[in-house]
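# Remarks on the overall topology
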There are 2 protein chains.
Amino acid sequence: MSHTLRLTGRLEPRGAWTAERCPIARTLQVVSTRSAFLILREAFYGTTRFDDFAERVGISEPVTAARLRELVEHGLLEREDYREPGQRTRRQYRLTSRGAELLPVLVALMQWGGRWLDEHGGPVTLLHRECGEPVSAELRCAAGHHVDDEELELAPRRRTATD
Amino acid sequence: MSHTLRLTGRLEPRGAWTAERCPIARTLQVVSTRSAFLILREAFYGTTRFDDFAERVGISEPVTAARLRELVEHGLLEREDYREPGQRTRRQYRLTSRGAELLPVLVALMQWGGRWLDEHGGPVTLLHRECGEPVSAELRCAAGHHVDDEELELAPRRRTATD
DNA sequence: CCGTATCCTGATAGATACTG
DNA sequence: CAGTATCTATCAGGATACGG
């Protein structure tokens, strides 16, 4: 058993794309810290306000402010000021679609933690609203097959004429 | 459009499971740093040796040693000494099945980076070996439906009799 | 309610030099 | 090849106090 991808074609010079062009590394430049991941988690849970982020993630105000600012700068959250009649102005932070597309990352992290670090699979589950069945992040190919890790192949991307 | 999960049932006291029991937070205690994620990436790519990890991830030896030790301690990698006839003893680090199950996290990170941070979808693709189709991490329910983020529901896990 | 300003601690990580 | 030892810089993050 070899939990290892097989490589097709050529990928060198290895260091070149590894350091700067690896999409995993690039994503980690945008969300690298624990607090960033957990703020995104809260955004998915529906949290929108500064104080709620700080309290529910369990981080201090300065850290909350820094992470929210960075996430807005990177376009994962957007800040919006609004005012309900008779109330004072409030702010809310909401996921953009760019940010929302990180959901599979969070679900995969949740899944792994529930499976390997919790006695009984963790305190919460995700369900498909339409049918009530539990949801998980899994690997699928475009043809719709479930893909096991031994069935994966890493290939250099084909360049198109416009590249 | 509301990129936000709807909640079913009760989850309070919120702070209680958020701080310590949230499976995302717990996973991030095991792999929290950039270097840990990238070492796992390399392990998936087939890297097994100390020097190769250091060079391909682009980190110093002390950092490499620290991360490898932690990942072995947490059971994501296993260290194995081996000796080929006529050669001297070598060491290799290989993914355990526990570690291999983090693959969806890495694929999801790769996918997001390729989509949002790269001009042309990033330098590499994952393919399903059997059929050659590109692979992605997506959300599915146990009934096999593709699940969109608006179709997600967060529910407290039901306790079984043995809990 | 939504932050900023300061100060402080500890962890992440680079550079360099050295050992089995 | 596979690390350890040191030394240092940078950054994540807590605590506290304060301002719009």
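Summary of the structure given here.

### A short note on empty space enclosed by the protein
- The final tally for this structure, using the stated rule, is two cavities of 30 Å³ or more.
- Approximately 60 Å³ is the volume attributed to the largest cavity.
- Lining the largest cavity are 10 residues, with A:Phe44, A:Tyr45, A:Leu103, A:Leu106 and A:Met110 positioned closest to its centre.
- When residues of the lining of the largest cavity are traced back to their parent elements, those giving at least two are α3 (34-45) and α7 (103-116) of chain A.
- Element by element, the count of residues in the lining of the largest cavity is highest for α7(A), at four residues.
- Taken together, the residues of the lining of the largest cavity break down into nine nonpolar, no polar and one charged.
- A volume near 40 Å³ is recorded for the second largest cavity.
- As for the second largest cavity, its lining consists of 10 residues, of which B:Phe44, B:Tyr45, B:Leu103, B:Leu106 and B:Met110 are closest to the centre.
- Those elements giving two or more residues to the lining of the second largest cavity turn out to be α3 (34-45) and α7 (103-116) of chain B.
- No other element matches the four residues that α7(B) contributes to the lining of the second largest cavity.

### Regarding the interface of chain B and chain A
- The partner chain A presents 94 residues to the 95 residues of chain B that form the contact.
- Interface area for chain B against chain A, summed over the two sides, is near 9400 Å², with a carbon-plus-sulfur share of 61%.
- At the boundary of chain B and chain A, one finds eight salt bridges.
- One salt bridge connects B:Asp118 with A:Arg21, and the closest N-O pair in it is separated by 4.0 Å.

### Focus on the pairing of strand β5 (residues 135-141) of chain B
- The buried count for β5(B) comes to six of seven residues, which makes it a mostly enclosed element.
- Of the pairings in the sheet, the one linking strand β5 (residues 135-141) of chain A to β5(B) comprises seven bridges and is antiparallel in character. Pairing of A:Ala137 across the sheet is with B:Leu139, part of β5(B).

### Structural notes on the nonpolar core
- Core analysis: the largest hydrophobic core is formed by 85 residues, its most contacted members being A:Leu40, A:Leu77, B:Leu40 and B:Leu77.
- With residues up to four places along the chain from it excluded, the contact list for A:Leu77 reads A:Ile39, A:Leu40, A:Ala43, A:Leu68, A:Leu71, A:Val72, A:Tyr93, A:Arg94, A:Leu95 and A:Thr96.

### A word on the pattern of salt bridges
All names here are of chain A.
- Summed over the entire model, instances satisfying the criterion amount to 16 salt bridges over all chains.
- Here Glu138 and Arg140 are joined by a salt bridge, their closest N and O atoms 3.2 Å apart. Both residues of the pair, Glu138 and Arg140, belong to the buried class.

So, how was this worked out
Residues numbered from 1 in each chain as written. Chains lettered and ligands numbered in written order. Predicted model: local features only at pLDDT ≥ 70, side-chain atom pairs only at ≥ 80, totals over all residues. Heavy atoms only, no water. 1 Å grid on protein atoms, 1.4 Å probe; cavity = no way out; pocket = protein on both sides within 12 Å on 5 of 7 lines; lining within 4 Å. Points joined across faces, edges and corners; volume = space filled by probe spheres on them. Helix = DSSP H or I, 4+ residues; strand = E, 2+ residues; numbered from the N terminus. Nonpolar A, V, L, I, M, F, W, Y, C, P; charged D, E, K, R; others polar. Contact = heavy atoms within 4.5 Å. Buried area = accessible area lost by both parts, 1.4 Å probe. Salt bridge = Lys/Arg side-chain N within 4 Å of Asp/Glu carboxyl O. Buried < 20%, exposed > 50% of the residue type's maximum accessible area, 1.4 Å probe, protein only. Pairing = 2+ DSSP bridges. Core = buried A, V, L, I, M, F, W, Y, C linked by side-chain atoms within 4.5 Å.

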